Every structure is written in structure tokens, then in C-alpha cells.
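An overview of the molecular structure
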Amino acid sequence: MIIAKDLTKKFDRFTALNALSCSISEGCVYGMVGSNGAGKSTLLRLISGIYRADGGKVEIDGKDVYDNTEIKNRLVFVPDELYFLPRANLVRMAKLYSSVYERFSYDRFKDLVSTFKLDPNANIATFSKGMKRQAATILALSCKADYILFDETFDGLDPVMRNLVKNLLYDDVMERNATAVITSHSLRELEDTCDQLALLHKGGVIFESDVGNLKTSLFKVQIAFSGEYDRSKFAGIDMLSFTKHGSVSSIIVRGEREETEKKLRAMDPLLFEILPLSLEEVFVYEMDALGYEFSEVLKQEVE
Amino acid sequence: MNKLFHRGYFKEIFRQLKTAGIVGACFLMLANVTVILELIRHRADNFNNYSIPSGLSLAGPFMAFIYIMGVILTFNAFGWLNKRSTSDFYHSIPVTRTAIYGSSLLAVFVWLMIGIAAFAAATVLIYAAIGAPFNYFLYLCVLGNMVIAALEVMGAAAIACAISGTRFVDLIAAAVILFIPRFLLTVLGVFVWRYGHESLVVPTISPLFDPTFNMIATPYAAMVSAFGWRDFVNDFANGWAMIYNLVYSLILVFLGGVAFNKRKSEHAGMATTKGVFQHIIRTAIGLPFLLIMVFVIKDDGEFSTGCLVLLILAFVAYCLYELISTKSAKRMLKAMPLFVICLGISVLYFVLPELISKAELSKRADVNNIKGITIIQEDYYPDYGGIGGFLYNSGTADDYVTQMQNKVVLNDPDAIKIIANAYGFTSSREHTSGNGINVKIFRKGLGGTLTRCLTLSDGQYIELMKRWNDSEECRKIAEKLPDGRNWYICGSFTRAENKELGSLFKEEYNALTPADKETLRGYYIDRPGYVHLIGCKGADNYRAVYRLNSKTPKTTARYYEILNSYNEAEVKQDLEDIVSWMENWDWDGYFSINIYDPRAFAGSECILSTMNFDFKFYSTGPSELAKDTDPVFYELMSSLKNVKFNTDPSSAYLITITRDLYGSTYERTETSAVIELTGQQLELIAKVIEAYGNMYEDVAYY
């Protein structure tokens with residue numbers, strides 16, 4: 001389990017993380033989303049022991065990560081900016097990884113190389129951006145780490161490869177109870193990948209939740225009645241948003257779907273429809289409720 | 001162990017450094033082979049220069065390569081610190097920072113050791129194969145110094161990498177760490193030497209002023225004869241200097257580790273990890289200009305335009321570094337006022353030399369606290385004391401007697417009294433004139449030693465030298481043939497012939513009386529008729545030169561025999577050519593002739609030297625033939641053309657003909673043989689000298 005408590009990291013005068021706290025349980029896929037400069041990469045670098053925190057602490061299974069080889073042997077970090085030795089091929093890189101990662105498995109490496117259909121003897125420098133990302137993924141997954149940290153995981157990957165990487169991650173999570181922490185500035189990327197999602201903004205987690213719960217506990221209702229009515233008609237229902245155009249209203253409701261449906265149908269509406277929300281819409285409404293402007297928090301996404 | 005060293009990581013970095021390591025080792029080995037072969041060829045060509053190679057000739061230039069190789073390898077091993085992506089990668093791997101540092105440095109060190117081993121193997125194999133004289137102990141010291149140099153460079157480069165975040169600053173910081181601290185000390189030493197009291201022998205004031213202790217400077221100081229203090233050729237064997245340098249290097253390596261551990265991954269790409277480092281580097285860059293300025297001001301006694309230029313240069317260098325390293329004009333402007341610290345340090349150099357000089361002069365040495373003295377003689381300075389004939393005149397570098405006598409401590413009360421008087425006299429005056437002499441004074445109790453250049457009156461000097469030369473220790477040294485590993489070399493003969501001559505000489509010399517032994521003491525290394533004994537004692541190489549004459553008849557006769565067997569025909573041909581050139585307008589080179597009388601007193605053997613009138617050989621035109629314009633000389637040459645060769649020590653003369661030929665390449669040949677001179681020929685020589693004079697002062701006029 002990864003626990004970050006009051007984590008603060010500063011670069012000169014810029015505060016990248018400001019007393020951030022979060023916990024990531026074992027065997028889950030944890031997604032972090034946020035605009036550029038939100039602190040995602042910094043948090044990952046603190047979790048992987050690259051940076052030392054200026055305040056607070058980050059622990060994995062109760063142990064400090066910084067300069068702790070025991071913990072670091074159980075985690076692997078794939079950064080946004082990838083590193084390969086000059087003129088190296090995959091085999092040479094595997095040699096480098098195997099010399100420092102105790103759990104590095106050449107069998108897994110060979111399997112993954114054939115799965116991704118990359119030439120292990122080709123110079124990585126000649127690879128495309130997506131192929132380089134695949135190479136980094138192969139190397140990271142060959143380390144058989146308990147904690148896999150991916151920064152901008154799907155950057156440069158085509159849809160087929162994205163799915164392949166996702167499936168491989170799921171396999172590791174399912175089979176080895178590994179924990180994956182992945183970041184993206186795109187909410188859509190993480191929507192169908194993560195069990196848990198955190199939204200980072202200005203160095204703090206402003207929202208963290210289980211993805212399944214999020215999607216089922218927040219839904220959109222379109223409803224119409226014959227006579228005049230207003231918001232007060234729905235007293236007793238937890239509404240995040242209410243809009244009315246003529247006799248038709250759109251309501252964003254938080255709560256148990258079946259129970260809410262029962263209550264609303266009992267009002268004898270002319271029109272009644274429950275519509276699913278995309279994760280993005282869920283975030284928009286949840287954050288609106290928290291007082292944040294979604295377009296401000298996820299600038300990239302909106303742009 | 002895993003915290004300090006990681007085997008896997010070591011292997012990885014070792015692999016990464018493979019190309020640079022192999023190229024460096026190959027270069028060291030091949031360049032060394034070339035240098036050694038050239039050294040051996042050069043010495044074989046001219047037996048007078050045949051000597052055991054000094055530490056400097058064996059390693060000096062290669063030390064520079066070790067420094068370069070050390071910096072390149074260390075920068076390669078830690079190059080990842082300068083880029084965010086690589087820095088993050090290496091900081092994320094499961095290896096502790098200490099282990100990363102230790103394993104990387106060890107990989108660098110192993111490659112440097114491979115280079116040094118290749119260098120050493122090449123040297124030892126060649127010398128062993130050829131059988132040329134070689135001092136293995138000194139070579140071990142040389143190798144030890146190379147290893148220490150490797151450590152020192154690694155340590156400095158590692159600190160540079162740890163405190164900076166760009167390759168540019170890495171380079172500057174490494175240079176600053178390597179050179180500046182001891183450069184400042186050396187400059188202070190030079191200032192004390194130049195502006196302090198004339199009696200002070202600066203390197204002996206403190207090891208920190210002794211260039212021997214500055215490994216980076218020593219080989220090069222020797223090459224350019226810097227400081228004028230003394231010869232540093234064999235200073236590779238200074239044990240204390242080696243210990244000092246080793247400790248210094250280990251401190252650098254340790255500090256590198258501390259800085260590396262404290263370094264943050266996010267410093268990649270930044271100039272330095274801390275503002276104070278940036279300031280130190282800036283200051284160090286400006287200082288050399290300012291110290292030259294101080295030097296000029298002290299020398300000229302005024303602040304000239306040149307000083308202003310130097311001041312501006314210091315300021316520009318100071319600012320330029322800040323601008324280039326931080327790429328920020330704002331930071332440069334912010335750093336400008338701190339230039340005052342640079343100025344403050346340079347002001348210290350005005351004051352410190354005088355303070356050090358005064359502190360040294362305040363040390364007491366009088367009759368009551370002097371335990372003993374050693375008179376330090378120097379090679380190449382025969383008339384050192386101002387009154388010739390008292391100090392032993394070696395005339396050669398690494399002279400055995402000089403080396404050995406420099407270790408003698410004289411306890412004679414009269415000698416001590418003379419030195420005590422001279423000490424008080426010299427120390428109390430700004431400038432003195434008289435007979436300067438270097439003396440090491442041993443003080444009683446915990447007083448330690450003082451080395452001074454003292455000024456003596458003629459009377460004091462003569463008395464002191466008598467005491468010195470008559471002392472039993474000095475006499476014994478002068479009389480005894482050198483011991484230790486040695487080789488006898490009498491000429492460009494075969495090894496067996498030289499060996500045979502050596503054992504004959506040894507036998508005859510040991511049977512002589514002390515007075516006779518003294519007459520054989522050699523002065524000149526570039527003349528025929530001498531036995532050269534080259535050898536080594538510990539790390540010291542030495543050379544002893546002895547005359548061959550009728551005191552050692554067997555050796556002399558055999559030497560003459562061998563010499564003539566090689567050179568008779570050539571000398572005859574040369575003499576015929578000279579006569580031909582005088583008779584015709586046809587010449588293509590230059591000759592000079594020296595004739596020696598081996599029976600003459602030491603220093604007056606040369607009875608004819610044509611060096612200053614060799615133009616007499618040559619006809620200046622078809623109608624101005626030398627035989628007509630210089631009939632006296634022509635008569636002598638015509639007579640010598642038919643000279644008889646003689647190997648009888650009681651009547652033979654030695655002749656050396658030097659021939660310079662200017663063809664497509666310049667070539668000089670020097671041939672010697674033993675001849676017989678008739679009474680008429682000796683008379684002709686006297687006539688020639690009377691007509692033209694003679695270049696050598698020691699020529700005996702007949």
C-alpha cells in the first residue's frame with residue numbers, strides 16, 4: 001500500500017506539491033489526472049524515490065522509499081520522458097535492467113517482445129515514439145514489480161497498443177496482485193482503465209474516488225410533468241444540478257439509482273429517462289459541487 | 001556491502017565505459033612503446049647520454065593523459081546527472097546513492113588501472129627484452145604516482161559532477177577543484193620566493209609550497225624548470241609527497257561521495273546545486289588574472305595599464321562564467337557585486353608573502369641550538385660557492401657523490417659556528433653579497449630543520465669547505481665506488497666489452513690509494529677516455545664518471561684497443577677528407593677536432609680544440625683555397641693525415657672528430673680514436689693555438 005501524507009515538494013519558489021495526501025491500496029489501478037503542473041509527475045517521482053520530499057512523507061508498505069533498495073526493487077517507474085542508453089537495443093537495455101532489478105525476468109521479457117512484435121536487436125533510437133513507449137513498457141513489466149508507476153502511460157501509443165498495454169497491466173494486477181499507478185492529463189484515457197481516480201490540481205488532490213462508485217452513484221435523469229413545477233418538487237433527492245427547459249427537466253442525481261427511480265416514477269411523470277454519464281461529466285458535476293471550475297482544473301482536456 | 005557497492009551496477013558502468021577505457025589503455029601503451037623506443041635509440045646513439053631513465057621521462061607526459069582519461073571516464077560514468085530523463089532513471093533504480101557512487105568510481109578506477117597496467121607492461125617488457133639499464137623501484141614509485149593521480153582526478157571530477165548540472169560547469173568545476181587550491185598555494189610560494197627574504201629556500205618552509213607535493217604541477221614544473229628551486233626529475237619518489245597526495249585524493253573521493261548523496265535529481269540541467277558553489281567557481285575563475293595583476297604591481301611598484309587590463313579581464317571572466325553557466329543576465333548582474341571577494345583574496349597576496357617571510361626569519365639558529373649541518377650541493381653548478389675548487393665539481397646530473405654527500409650531517413663545532421654566524425648575518429640584512437651556500441641546519445630538540453641560502457665571507461667559506469671536504473663521511477663517499485645496481489658504460493661498444501672494461505676498472509680502482517683515486521674523479525661526460533658508471537640506489541638514479549689513464553693501465557689499454565678497433569678507419573678517412581677540403585673548393589659539411597692528453601691534470605686534458613676556428617678548414621673560392629690562406633693549419637692537418645694509431649696508455653693521445661653533414665637531413669657523427677703524436681706534430685699544435693687561440697679554457701698551451 002502506498003501512503004502519501006502531507007507531501008510537500010518545492011522547486012525553488014514553485015510549490016509542486018502542497019501537503020498532498022492520498023492512499024493507494026494494493027492490487028488496484030490508480031489513475032491520476034490533472035493539467036500540466038498539477039503535480040502528477042512530481043508525485044510519481046516521490047513515490048518512486050527519485051525525489052526527496054521537502055515535507056510530509058511517502059511510504060510503501062510502511063517503509064520510506066527514498067534510497068531504500070528493498071522497496072525500489074519492488075517498484076518500477078516509466079517516466080514521461082523515456083531513457084535508453086545511446087545506440088542501445090532492447091537486449092542491451094534488458095541487460096542494464098537485469099543488472100539492477102533483482103526480479104527482472106528474461107522469460108517475461110522474451111514473451112513481451114514477441115507480444116509487441118518489436119525487434120530486440122534493433123537500435124531503439126530508430127524506433128518511433130510509440131515503439132519507444134512499447135519498449136519501455138516491455139522493460140518495466142519484465143521487472144515483475146509489485147508497484148508499476150507509469151507517467152503519461154499511453155502517450156504516443158495507437159489504440160491497439162493502448163489496449164494491449166492496458167490488458168497487460170490488468171494481467172499483472174490480477175495475477176500478481178500488482179499495483180499500477182498511472183497518470184494522464186486526459187480523463188478519457190483513464191476512464192476504462194482505473195479502479196480509482198484522483199484529480200490533482202495545484203499540487204493537491206482535490207478529488208479521489210472509486211471509479212465504479214462514481215459511475216453508478218451519479219446519473220442523469222430527464223423528466224417531464226404535465227403541470228407547472230420547479231426544483232422544490234424534488235425535495236429529498238440529492239441533486240447536483242437542475243435545469244428546466246419548458247416542461248422537461250434535466251437533473252444530475254447522486255444516490256442509489258433504483259431507489260431514486262422508484263421515487264421519481266411515483267411522481268407520475270410524462271417523460272422519464274435515466275441517462276448514463278461519462279466519467280468526464282461525472283467529474284464536471286462533482287467538481288462543480290466542490291466549487292471548482294472543471295475547465296480550469298483540466299485545461300488541456302477542455303482545450 | 002550493497003549500500004556501498006552494487007556488483008550489477010558496477011558491471012553495467014564498466015560496460016558503458018568500455019570504449020573509452022580500451023581506447024585510453026591502447027593509447028597509453030602504444031604511445032609509451034614509441035616513447036621508450038625513441039628514448040633507447042637516442043641513448044644508444046650517444047653513449048654519453050646513456051642513463052637510466054628518470055621518473056619524469058618515464059611518466060611525465062603520460063600523467064597528463066591519465067588526468068584527461070580520468071576526467072573523461074568520470075564524466076561518462078556520471079554524465080547522466082546532467083539530464084532530467086537520465087537522472088530520473090538512475091535515481092529510480094534499486095541501488096543506493098552511495099552504491100551508485102562507489103560502483104561508478106570503482107569502474108572508472110579499474111579502467112584507469114587497466115590503462116596504467118598496459119603502460120607499465122609495455123615499459124617493463126621493453127626494458128627487460130632489451131636489457132637496458134632500468135630502475136624498477138623508481139618505476140614502481142612512478143606507477144604509484146599515476147595511481148594516486150588517477151584517484152585525484154576521479155575525486156575532483158566526481159565532486160564536479162555532483163555539484164553541477166551541466167557539462168560546461170562540470171568541466172570548469174573539475175578544473176577549479178584540481179588546480180585552484182594548490183595553484184593558490186604554489187603562487188603564494190612563488191611570491192614568498194620572489195618577494196620574501198633572499199635566504200629563504202621556499203619549498204622547505206612548508207610542504208604545501210613544495211611543488212613535489214602538488215602532483216598536478218610537479219612533472220610539468222620539471223619540464224619547464226619552473227620555480228628555479230631545484231630539479232624535480234626524480235621527485236616521483238618522494239614518499240611523503242605520495243602519502244600527502246594519496247590522502248588528498250581520498251579526501252576528494254570522499255567529498256565527492258558526500259556531495260553525490262546530497263545531490264537532488266532535479267538539479268539536472270542547473271548550473272550548480274548550491275549558490276555557494278557557483279560563487280566559489282566564479283571567484284576561482286577571476287583569481288588567476290588578479291594574482292598576475294598583484295605580481296605585476298609588486299614587480300613594477302605601480303598600478304600600470306597592464307594591471308587595469310588584468311583587472312578587467314578578471315571581471316569579464318567572472319561575469320562571463322556566470323552568464324554562460326546560468327544563461328541568465330539577471331543572475332550575472334546579481335553576482336557582480338560579489339567580485340569584491342575576489343579582490344579581497346588578491347589583496348591577501350600583497351600581505352601574506354611578507355608575513356610568512358618574517359615568521360621564517362624569526363626562527364633562531366645559533367651555536368647553542370644547532371645540532372649539525374648539511375651542505376647542499378647542486379649538480380651542474382661546479383663553481384657554486386664563488387671560490388672554485390672547494391665544492392666537488394660534478395659536471396653531470398644525478399652525480400653520485402653529490403647525491404650521497406647531500407645526505408651527510410656534519411657535527412663539527414667549527415663548521416657549526418661558521419654557519420651560526422652566517423645565519424645571523426644573512427637573516428639580518430635585506431641583500432647580501434658574498435659566497436652563497438645552501439645549508440640544511442639541524443636544530444636540537446624539537447627544533448626541526450631549517451634550510452637557508454647563507455652568505456659567507458671568503459674566509460668563512462674556505463674554512464667551511466675544508467671542514468666539509470675533510471670530514472670522514474665526505475671522503476669515504478668520494479673514494480668509494482658507487483654501490484647498488486649499476487652498469488659500466490665506456491662507449492658505444494658491445495655489452496660484453498663494456499662489462500669487461502667495468503670489471504677491469506673496478507679491480508684497478510679498488511687497489512689505488514685515496515690520493516690516486518682522487519685524480520680519477522671525472523669532470524666531463526662528453527669526452528672519450530672516461531668510464532661512466534650509471535646505476536640506482538633505491539629510487540635515486542646516479543651517474544659517476546672516472547678518467548681512464550695510466551693509473552688504471554689495464555683498463556685504459558683495453559679501452560684504447562676496443563676504441564681503435566671500431567674507429568681507426570673512420571678517423572683516418574675524416575682526416576683525409578679535411579685535407580682534401582683544404583686543397584679543393586669542395587665541401588659539404590663542417591668538421592671540428594679535439595685532441596686530449598689523458599696524462600694531463602684533470603681539467604686540462606684538451607690540447608687542441610678547433611671549435612672556434614673551424615672555418616680554417618674550408619676554401620672560400622677556387623682561387624682562395626684553405627691550404628694557401630691557412631698554411632699553419634694545413635701543415636698540421638697534412639701531418640695528421642698520416643697519423644699513427646697507438647694504444648699505449650703512457651704515450652697515446654685521444655682524438656675526437658665531429659662531422660656535421662647538411663644533406664636532406666642534418667646528421668652529426670662523432671668519432672674518437674687513440675693516436676700517437678710526434679714531437680713535430682705537438683709543435684704544430686702549439687703553433688696553431690698561438691695563431692688562432694683555443695676555445696676551451698682548460699686547454700694546456702704548449
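Note that the structure is a prediction, hence the values are computed from the model and not measured.

Considering the overall build of chain B
Each helix and strand in chain B was counted, giving 23 helices and 11 strands. Taking contacts inside chain B between residues at least 6 apart in sequence as the whole, the part at least 24 apart equals 76%.

Remarks on the overall build of chain A
A tally of helices and strands in chain A yields 12 helices and 14 strands. Of all 303 residues assigned to chain A, the portion counted as buried reaches 40%. Sequence separation of 24 or more characterises 69% of the internal contacts of chain A that already satisfy a separation of 6 or more.

What to know about the pairing of strand E1 (residues 2–11) of chain A
Residues and elements named next belong to chain A. Across 5 bridges, E1 lies against strand E4 (residues 55–60) in antiparallel orientation. Within E4, the position partnered with Lys5 by the bridge is Lys57. Alignment of E1 against strand E2 (residues 14–24), held across 7 bridges, turns out to be antiparallel. Each residue of the ladder has a partner; that of Lys10, found in E2, is Thr15.

With respect to helix H18 (residues 495–510) of chain B
Residues and elements named next belong to chain B. Over its 16 residues, H18 extends 22 Å from the first C-alpha to the last, a length consistent with the 22 Å expected when each residue adds 1.5 Å. Buried within H18 we find Asn498, Leu501, Leu504, Phe505 and Tyr509. On an axial view of H18, the arc spanned by its buried residues comes to 130°, and they lie on one face. Exposed positions of H18 whose direction lies more than 90 degrees from the buried face are Arg495, Ala496, Ser503, Glu507 and Asn510. Each element contacted by the buried residues of H18 is listed here: strand E4 (485–489), helix H19 (514–519), strand E5 (530–537) and helix H20 (553–583).

Some thoughts on the domain arrangement of chain A
All names here are of chain A. By domain assignment, chain A separates into domain 1 (2–210) and domain 2 (213–302). The gap between the C-alpha centroids of domain 1 and domain 2 is 36 Å. In terms of residues, the side of domain 1 that touches domain 2 owes the most to one element, strand E10 (residues 204–210), which gives 4 residues. Here the residues of the side of domain 1 that touches domain 2 are counted per class, giving 5 nonpolar, 6 polar and 3 charged.

Some remarks on the domain arrangement of chain B
The domain boundaries assigned to chain B delineate domain 1 (7–272), domain 2 (370–479), domain 3 (485–554) and domain 4 (556–692). The C-alpha centroid of domain 4 of chain B is placed 52 Å from the C-alpha centroid of domain 1 of chain B.

A closer look at the sheet that holds strand E7 (residues 147–150) of chain A
Residue and element names in this part refer to chain A. If you trace the 6 strands from one edge of the open sheet to the other, you get E6-E7-E8-E3-E9-E10, paired in mixed fashion. The sheet is open, and its two edges are formed by strand E6 (75–78) and E10, each paired on a single side. Each neighbouring strand pair of the sheet contributes to a mean axis angle of 15°, computed without reference to strand direction. The pairing of E6 with E7 spans 4 bridges and is parallel. For Val78, the partnering residue across the bridge sits in E7 and is Phe150.

Comments concerning the nonpolar core
Looking at soluble globular proteins, one finds that nonpolar side chains tend to be buried together. Within the largest apolar cluster, 244 residues are counted, with the highest numbers of intra-cluster contacts made by Leu149 of chain A together with Ile66, Val153, Ala157 and Ala158 of chain B. Tallying contributions element by element places helix H6 (residues 136–163) of chain B first for this core, with 20 residues. Those residues in contact with Ala157 of chain B that sit more than four places away from it in its chain are Gly70, Val71, Thr74, Phe75 and Ala174 of chain B. If you look at the next biggest cluster of nonpolar residues, it comprises 22 residues, including Ile370, Ala415, Ala420 and Ile441 of chain B.

A look at the interface of chain A and chain B
The interface of chain A with chain B comprises 20 residues on the first partner and 20 residues on the second. Taken together, the elements giving at least two residues each to the side of chain A that touches chain B come down to helix H2 (69–72) and helix H3 (90–100) of chain A. Element by element, the count of residues in the side of chain A that touches chain B is highest for H3 of chain A, at 3 residues. When the residues that make up the side of chain A that touches chain B are grouped by side-chain class, the tally is 10 nonpolar, 5 polar and 5 charged.

Quick look at the environment of Ala511 of chain B
Within the secondary structure layout, Ala511 of chain B lies in the loop between H18 and H19. Here the alpha-carbon distance between Ala511 of chain B and Thr552 of chain B, two residues 41 residues apart in the chain, equals 9.6 Å.

Thoughts on unusual backbone geometry
Among all residues save glycine, negative phi is the norm, and among peptide bonds the norm is trans. Residue and element names in this part refer to chain A. The backbone of Glu152 sits at a positive phi, close to 50°, despite the residue not being glycine. Mapped onto the fold, Glu152 is located in the loop between E7 and helix H6 (159–176). Take Glu152: there are 20 C-beta atoms within 10 Å of it, and that puts it in the buried class.

Regarding the sheet that holds E5 of chain B
Two orientations exist for strands paired in a sheet by backbone hydrogen bonds: parallel and antiparallel. Residue and element names in this part refer to chain B. Sheet architecture is open: 3 strands sit in the order E4-E5-E6, paired in antiparallel fashion. The strands lining the two open edges of the sheet, one partner per strand, are E4 and strand E6 (540–547). The mean angle between the axes of side-by-side strands here comes to 20°, regardless of whether they run parallel or antiparallel. The sheet contact formed by E5 and E6 spans 8 bridges and is antiparallel.

Notes on the packing of helix H10 (residues 275–300) of chain B against helix H13 (residues 339–361) of chain B
Two quantities define a packed helix pair, namely the angle between the helix axes and the distance between the axes. Residue and element names in this part refer to chain B. Orientation of H10 relative to H13, taken along the N-to-C sense of each, is 40°, at an axis distance of 9 Å. It follows from the interaxial angle that H10 and H13 lie oblique. Our pair here, H10 against H13, has a crossing hand that is right-handed. Judged by residue contacts, Thr283, Gly286, Leu287, Leu290, Leu291, Met293 and Val294 of H10 engage Phe339, Ile341, Cys342, Leu343, Ile345, Ser346, Tyr349 and Phe350 from H13. When grouped by side-chain class, the residues that make up the contact of H10 with H13 number 12 nonpolar, 3 polar and no charged.

Re the environment of Leu17 of chain B
Residues and elements named next belong to chain B. Within the fold, Leu17 resides in the loop between helix H1 (7–16) and helix H2 (18–45). Among the residues examined, Leu17 registers 22 C-beta atoms within 10 Å and is labelled buried. In sequence terms Leu17 and Asp516 are 499 residues apart; their C-alpha atoms lie 64 Å from each other. Not counting chain neighbours up to four residues away, the residues in contact with Leu17 comprise Leu73, Asn76, Ala77, Ala107, Val108 and Trp111.

Concerning the confidence of the model for chain B
Caution applies to low-pLDDT regions: their predicted coordinates should not be interpreted in detail. Residue and element names in this part refer to chain B. The predicted model of chain B averages 85 in pLDDT, with 89% of residues at 70 or higher. Per-element confidence in chain B is highest for helix H11 (residues 305–326), whose mean pLDDT is 95, and lowest for helix H8 (residues 218–223), whose mean pLDDT is 55. Note on residues 225–230: pLDDT is under 50 here. Beyond four places in sequence and across chains, it has 6 contacts. Long-range and interchain partners of residues 380–393, a stretch whose pLDDT sits below 50, account for 30 contacts in this model, where long-range means more than four residues apart.

A few points about H11 of chain B
Residues and elements named next belong to chain B. Its 22 residues place the ends of H11 32 Å apart at the C-alpha level, agreeing with the 32 Å of an ideal helix rising 1.5 Å per residue. Three or more residues of H11 are buried, namely Leu310, Ala314, Tyr318, Tyr321, Glu322 and Ser325. Buried residues along H11 cover an arc of 105° about the axis, so they all sit on one side. The exposed residues of H11 that point more than 90 degrees off its buried face are Thr305, Leu308, Ile312 and Val316. At its buried positions, H11 is contacted by helix H7 (167–195), H10, helix H12 (329–335) and H13. Just beyond H11, the residue with positive phi is Lys327, at close to 55°.

The rules behind the values
- Residues numbered from 1 in each chain as written.
- Chains lettered and ligands numbered in written order.
- Predicted model: local features only at pLDDT ≥ 70, side-chain atom pairs only at ≥ 80, totals over all residues.
- Helix = DSSP H or I, 4+ residues; strand = E, 2+ residues; numbered from the N terminus.
- Contact = placed C-beta atoms within 7 Å.
- Buried ≥ 20, exposed ≤ 12 C-beta atoms within 10 Å, placed from the backbone.
- Pairing = 2+ DSSP bridges.
- Expected span 1.5 Å × (residues − 1).
- Arc of directions from axis to C-beta.
- Domains from an automatic or database assignment.
- Nonpolar A, V, L, I, M, F, W, Y, C, P; charged D, E, K, R; others polar.
- Axes fitted to C-alpha atoms, helices over the stretch in contact; angles between N-to-C directions.
- Core = buried A, V, L, I, M, F, W, Y, C linked by C-beta atoms within 7 Å.
- Parallel < 35°, antiparallel > 145°, perpendicular 65-115°, else oblique.
- Left-handed = near helix turned anticlockwise from the far one by under 90°.
- pLDDT = per-residue confidence, 0-100.

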